[in-house]
Structures are given as structure tokens and as C-alpha cells.
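Chains, contacts and geometry: an overview
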Amino acid sequence: MKVLLDNGHGDPPITGGKHSPDNRLKEYVYCREIAQRVSRELTLRGIDTILLVPEKTDTPLKERVRKVNGWAKKLGSQNVVLVSIHNNAAGADGKWHSATGFSVFVSKNASSKSKKLAQIFTDNATDMGLMGNRCVPPEKYWVQSLAMTRDTVCPAVLTENLFQDNKEEVDFLLSEEGKKAITTLHVNSIIQYIQYVNTLNA
Ligand SMILES: [Zn+2]
């Protein structure tokens, strides 16, 4: 199993402009750091992991999708899993908002494995107290048409790691405690997913 970590966005000017109202958290910087931490932890545990977009420039979604599908074609789509890492935002008005919490997205055409991975994420986020004040859908994931999950041919989820326009959550996200929590959520969820796939194949 090869784990592909997609850190959302890149340097301005394309989508790199997404940031907290006070500019302390820049989404592309934060997600890059989390992806690197997750990659380190998984690699230490012997799990084959790569950063999909190590370059700093903003790689277009089409190119990201092309990279993922290239790996899927090479290794077999069931031997690859994609996690796209983001921070959520409640508004686009440069103001603080009250929405909090973790959420995970799959596409309408999601496979049962994508849904299983999303459910694992939500269960772990619930156990870790990261679900905030958003309602949780009964299936434990949100369904939305997003290129990274819709156009890729392997199991794939997109994680929205708390809100970059909620002040308390930005404080938490930027703390070492917060970075460790978001990293641990991804590491444990991916490991549990791999164990789940191994039981299917056994
Ligand atoms: Zn994003």
C-alpha cells in the first residue's frame, strides 16, 4: 500500500491566499507541515508514503489528479490511498466565524473503501474531541464534488482540519498540541485503514 499525501494549495497567487483573518495561519503552509509530519510518522512505521506535491508552487488540481492516477495505474488502484489535507473556512469575508470542528469529504462516486476511510477518520476525530460544533452526518462523512476525490481512481478522502476562520481553533491548530493532534488523527486513521484492507485481502 502506498499512501499519497496531498497538502492542499501552494504559494500564492492561485489558492495560496487562503488564511486566517489575522494571517497567522496560512492554509498551504499549515497543510504542508501536517503532511510532512504525517509522512514522517508513517515512514517510521514502515509505511510507504509520499508527498504528492513537495514543490512549493501551487500545483493545479488537474496535475495533482494526474499524479495520483499515475500511481494508481502503476501499482493498482487498490494499492494506493489518497488523503488530501486542508483547513476549513466558514466564510470568505476575512472575518472570524463560529463554526468549529473536523470534517471529512468523499465524492458522490466514492467507493466503499473511500467511505470506510472517511468513517475511520470521523470515529477517531470523535474520540479525540475534534468534532467541534458542526453536525455530523449519519454516514460520518460529507459528500461533495471535489476534484481530488471525484477524479482520482483510488480510494480517496479530503480532510478539513478545523476552521482557519475560528480564533480558538487557529490558536489550537498552531500550538504544538494541536499539530500533534491533527498529525495523530491522520496517522492512526491511515494505519487503521491499511489494517482494514489487509483483513479484506486475507
Ligand atoms: Zn483548502
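Preceding block: the structure.
All of these numbers come straight from a predicted model, not from anything done at the bench.

For the rest of this paragraph, the subject is the packing of aromatic side chains. Using the criterion set out here, one finds 2 aromatic pairs in the structure. Seen from their ring centres, F102 and F121 are 6.0 Å apart, and the 20° between their planes marks the pair as stacked. Here F102, found in the loop between β3 (80-88) and β4 (103-106), pairs with F121, found in helix α3 (residues 112-127); they are 19 residues apart in sequence, far enough to count as distant. The ring of Y196 has K116 sitting right over it, with the charged end atom 4.9 Å from the ring centre. Here R134 stacks its cationic end above the ring of W142, 4.5 Å away from the centre of that ring.

Taken as a whole, this structure holds 15 salt bridges when the rule is applied. A salt bridge links E33 to K179; the nearest nitrogen and oxygen atoms lie 3.2 Å apart. Of the two residues, E33 is situated in helix α1 (residues 27-44) and K179 in helix α6 (residues 176-201); the sequence distance between them amounts to 146 residues. By relative accessible area, K179 is classed as buried at 14%.

For the zinc ion, the full set of protein donor atoms is H9 (NE2), E27 (OE) and H86 (ND1), and the range of their distances to it is 2.1 to 2.2 Å. For the zinc ion, the single-chain donor residues occur in sequence as H-x17-E-x58-H. Separated by 18 residues along the polypeptide, H9 in the loop between β1 (2-7) and α1 and E27 in helix α1 bring together distant segments of the chain. Note on E27: relative accessible area 1%, which makes it buried.

Taking 1.5 Å of rise per residue, 15 residues should cover 21 Å, and helix α2 (residues 61-75) covers 21 Å from first to last C-alpha, within 8% of that figure. Buried within α2 are the following residues: R64, V65, V68 and A72. Along the axis of α2, the buried residues cluster in a sector spanning 95°; they form a single face. For α2, the exposed residues set more than 90 degrees away from the buried face come down to K62, R66, K73 and K74. Where α2 is buried, its residues contact β1, β3 and α4 (147-150). Residue G76 follows α2 closely and has a positive phi angle near 95°.

Scoring rules and cut-offs
- Residues numbered from 1 in each chain as written.
- Predicted model: local features only at pLDDT ≥ 70, side-chain atom pairs only at ≥ 80, totals over all residues.
- Heavy atoms only, no water.
- Phe/Tyr/Trp six-rings, centres within 6.5 Å; stacked < 30°, edge-to-face > 60°.
- Helix = DSSP H or I, 4+ residues; strand = E, 2+ residues; numbered from the N terminus.
- Lys NZ or Arg CZ within 6 Å of the ring centre and 35° of its normal.
- Salt bridge = Lys/Arg side-chain N within 4 Å of Asp/Glu carboxyl O.
- Buried < 20%, exposed > 50% of the residue type's maximum accessible area, 1.4 Å probe, protein only.
- Donors = N, O, S within 2.8 Å, 3.2 Å for Na, K, Ca; no water.
- Expected span 1.5 Å × (residues − 1).
- Arc of directions from axis to C-beta.
- Contact = heavy atoms within 4.5 Å.

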